[in-house]
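The primary structure of each chain is shown beneath.
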Amino acid sequence: MTTETETKPVEQTEEKKEEVKEEVKKEEAETNNAEEKADDKAEKADKEKKEEEKKDVKAKKEPAAPKPAVHKLDFNKDVVYLYQFTRTPVLPSLSPYCLKVETWLRIADLKYENVDHKMKYKSKKGQLPFVEVNGEEIADSAIIIKELGTRYNKDLDASLTAEQRNVAHATISMIENHFAWVVKSWRTKNPAGMLGAYKMNLQQITETKWPKPVLEFIFKLKFRRAAKKVRAHGIGVHKPEEIEEFGHNDLMVLSDLLGDKPFFFGDDPTTLDVVAFANLAQVAFMDKEVSYSLRDWMTENCANLVEFCNRVKERAFPDWEEMCTTLDLNSHLPKPPPTEEKAEEPATEKEEKTKEEEKKDEKEKDDTEKEKAQKDEKEGEKEDNKKTEEKEKEEEKK
């Protein structure tokens, strides 16, 4: 009996201990789970908060302003801004394509303004000329004329028949894809002759004070590179006399087509007249002191083409002489009234004022130097005092 009664309480206490341990484990597990859940919730809340903050920052940031599509930001509505080469003393432009666009703008009677871009800009296609109108760029002379003609109802070919349009298209292709390269071939092989033919002042054109020999060397170097393009075109592989013969043939075709008419298709100029003038003017208006056999041949055998050039010049460029003399890009625009200049002060008064200003500057300079010297002196005294104090302390220690 005694043994039974003694063993039962021991077993019960062990069972109770195990139950307590299990309960403790359960509580610990529940506590850990609760803590893990709390940590997860906190992490999730932090992530959500950070994402919201990022969204707020993005929303607050203003969108980057788009790059301007044009160079002329303060443009006027429907004014065509033309980017081209600079003037020369004999010709408004050395480029037949630039002269073509400007001649067309004048005959079409559209408002335009040349932009003096110091030869810094080219179109997105890498060309000159190009125009900007109402904040939009248009490049390539043929596309410029077509686009502006459509926008502003200025079709110079509106009265032409279908057959005349075909003739115009074929003739323009001959001029721009053949005759123009005949002239380019001469230019690339005779850069010095080109400088003289158009009376080009490279210092004025480039707006630099570099010596003329240096500028001429650079100019000739560029034209050697241009000669590669002439050769790549195909015309450059021929002999000079063969290339000139090509030019004679093109000029004869144009002379026969023009005949004794004022313009190629009658009394009014068309796109063909504009293109023909822009290219023939490169030859017709060269300085006569410079020898160019193609110009002399045209004068002798195609006098009607020379007369045609003068006719278009008088009609489209009444300010020709002024623009070639002053090299003004916008001689067609009214100039602002001259500002009244203040009367110059007498020389003696100017001299006195200058002397007074110089004295004033010298006095200010002296004052600043004195202040600096005084400051340096005070700092020196402070350092000396400091050193003596340190020495006295060291002696006291000894």
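In this text, all values refer to a predicted model and were calculated from it rather than measured experimentally.

Peer 1: Would you mind going over the sheet that holds strand β3 (residues 130-133) with me for this structure?
Peer 2: Two orientations exist for strands paired in a sheet by backbone hydrogen bonds: parallel and antiparallel. Strand order in the open sheet formed by four strands is β2-β1-β3-β4, with mixed pairing between adjacent strands. Both outer strands of the open sheet, β2 (112-114) and β4 (136-139), are each paired with one neighbouring strand and no more. Between one strand and the next, the sheet's axes are offset by a mean angle of 25°, whatever the strand orientation. Pairing analysis gives three bridges linking strand β1 (residues 80-83) to β3, with the strands arranged antiparallel.

Peer 1: Sorry if this is basic, but what is going on with unusual backbone geometry here?
Peer 2: Generally, phi is negative for residues other than glycine and the peptide bonds are trans, each holding for most cases. Following Leu128, the chain continues to Pro129 via a peptide bond in cis, the omega torsion being 5°. Phi is positive for Lys118, which is not a glycine, with a value near 55°. You can see Lys118 is positioned in the loop between β2 and β3. Here the phi dihedral of Asn153 falls at roughly 55°; this positive angle occurs in a residue that is not glycine. Judged by its relative accessible area of 67%, Asn153 falls in the exposed class.

Peer 1: Explanation requested: the pattern of salt bridges in the structure shown.
Peer 2: Between side chains of opposite charge, pairing is possible as soon as their charged atoms come close. All chains considered together, the criterion is met by 12 salt bridges. A salt bridge links Lys72 to Asp74, with the nearest nitrogen and oxygen atoms 3.7 Å apart.

Peer 1: What should I look at first to understand the nonpolar core in this one?
Peer 2: One recurring pattern in soluble globular proteins is that nonpolar side chains are buried together. By size, the foremost hydrophobic cluster in this structure holds 72 residues, and its most contacted members are Trp104, Leu105, Leu148, Tyr198, Phe277, Leu280 and Phe308. Per-element tally for this core: the top contributor is helix α9 (residues 271-284), with 10 residues. If near-sequence neighbours (up to four positions away) are discounted, Leu280 is found in contact with Phe179, Leu251, Leu254, Met298, Leu305, Phe308 and Cys309. If you look at the next biggest cluster of nonpolar residues, it comprises eight residues, including Val79, Cys98, Val115 and Phe130.

Calculation criteria
- Residues numbered from 1 in each chain as written.
- Predicted model: local features only at pLDDT ≥ 70, side-chain atom pairs only at ≥ 80, totals over all residues.
- Heavy atoms only, no water.
- Pairing = 2+ DSSP bridges.
- Helix = DSSP H or I, 4+ residues; strand = E, 2+ residues; numbered from the N terminus.
- Axes fitted to C-alpha atoms, helices over the stretch in contact; angles between N-to-C directions.
- Buried < 20%, exposed > 50% of the residue type's maximum accessible area, 1.4 Å probe, protein only.
- Salt bridge = Lys/Arg side-chain N within 4 Å of Asp/Glu carboxyl O.
- Core = buried A, V, L, I, M, F, W, Y, C linked by side-chain atoms within 4.5 Å.
- Contact = heavy atoms within 4.5 Å.

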